[in-house]
Amino acid sequence: MKAEFFLPDDYRPAEDEPFMNERQLEYFRRKLMGWKGELMGDSKSTIEGLQEGARNIPDIADRASEETDRALELRTRDRQRKLVAKIDSALRRIENGEYGYCEKTGEPISLKRLDARPIATMSLEAQERHERREKVHRGDLRSARRRVGRWANARAWALKTRP
């Protein structure tokens, strides 16, 4: 493990310094570690809350409401668990010297983007291209599902109206 690196509390990465120098890497490492710590603390409090919250509620509406709240809380924690995995991946990229570079193009990811989303793996341009392709693909799937649905409805109608 690396020795502790001094970083002023008011430090912010700047475009005029060398990209992903030690100060920038330490800044993002600390930002990621802090974020992970918050998420882990939230997760711990959720587990404690769910253990305490296991009680018998006689009113069916109140029970349904509490079950809905629990399901929402668990879904949120699942998203946070996936986010922690992405944070761990970003921390590994820092250790490997790959952090801050687009996984598709190899170009540097802008410091503003990394500051806003430190787990980013693609430059803004590469991410936009990826999302456009994904949107087109989803659109193709929806069209295919509609066609299959219309075909299935027509077939069901034809079978139903057969003598």
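Residues numbered from 1 in each chain as written. Predicted model: local features only at pLDDT ≥ 70, side-chain atom pairs only at ≥ 80, totals over all residues. Heavy atoms only, no water.

Draft legend 1. The arrangement of the nonpolar core in detail. Residues Met20, Phe28, Leu32, Ile87, Ile94, Tyr99 and Leu114 are the most contacted members of the largest nonpolar core, which totals 23 residues. When contributions to this core are tallied by element, the ones reaching two or more residues are α1 (22-52), α2 (60-96) and α3 (111-116). Sort the elements by how many residues they give to this core and α2 lands first, with six residues. In this view, Leu114 contacts Phe19, Met20, Phe28, Tyr99, Gly100, Ile109 and Ala120; residues no more than four positions away in its chain are not counted. (Core = buried A, V, L, I, M, F, W, Y, C linked by side-chain atoms within 4.5 Å. Buried < 20%, exposed > 50% of the residue type's maximum accessible area, 1.4 Å probe, protein only. Helix = DSSP H or I, 4+ residues; strand = E, 2+ residues; numbered from the N terminus. Contact = heavy atoms within 4.5 Å.)

Draft legend 2. Inspection of the side chain of Arg93 at higher detail. Looking at the secondary structure, you find Arg93 in helix α2. Comment: no salt bridge for buried Arg93; closest opposite-charge side chain is Glu98, at 6.0 Å. (Lys, Arg positive; Asp, Glu negative; His and termini not counted. Salt bridge = Lys/Arg side-chain N within 4 Å of Asp/Glu carboxyl O.)

Draft legend 3. Region of the structure containing the environment of Arg63. Relative to the helices and strands, Arg63 resides in helix α2. Since its relative accessible area comes to 37%, Arg63 is described here as partly exposed. Ignoring anything within four residues of it in the chain, the contact list for Arg63 reads Ile57 and Pro58.

Draft legend 4. Local environment of the packing of aromatic side chains. One pass over the structure, following the stated rule, counts four aromatic pairs. Where Phe19 meets Tyr101, the ring centres are 5.2 Å apart and the plane angle is 80 degrees; that geometry is what we call edge-to-face. A residue pair is termed long-range when its members are at least 10 positions apart, and Phe19 in the segment before α1 and Tyr101 in the loop between α2 and α3 qualify at 82 residues. By way of ring pairs, the aromatic residues Tyr11, Tyr27, Phe28 and Tyr99 are connected into one cluster. (Phe/Tyr/Trp six-rings, centres within 6.5 Å; stacked < 30°, edge-to-face > 60°.)

Draft legend 5. Just the confidence of the model for the protein, in detail. Chain-level statistics for the protein give a pLDDT mean of 83 and a share of 75% at 70 or above. The secondary-structure element of the protein with the lowest mean pLDDT is helix α4 (residues 124-160), recorded at 72, while α3 shows the highest, at 96. (pLDDT = per-residue confidence, 0-100.)

Draft legend 6. Spotlight on a positive patch on the surface. Among the surface-exposed residues, Lys104, Arg129, Arg132 and Arg133 lie close enough to one another that they form a single positively charged patch. Tracing the backbone shows Arg132 in helix α4. (Patch = residues over 30% accessible without salt bridge, like charges linked within 9 Å, V, L, I, M, F, W, Y side chains within 5 Å. Areas by Shrake-Rupley, 256 points an atom, 1.4 Å probe, with all protein chains shown as cover. Charge placed at Lys NZ, Arg CZ, Asp CG, Glu CD.)

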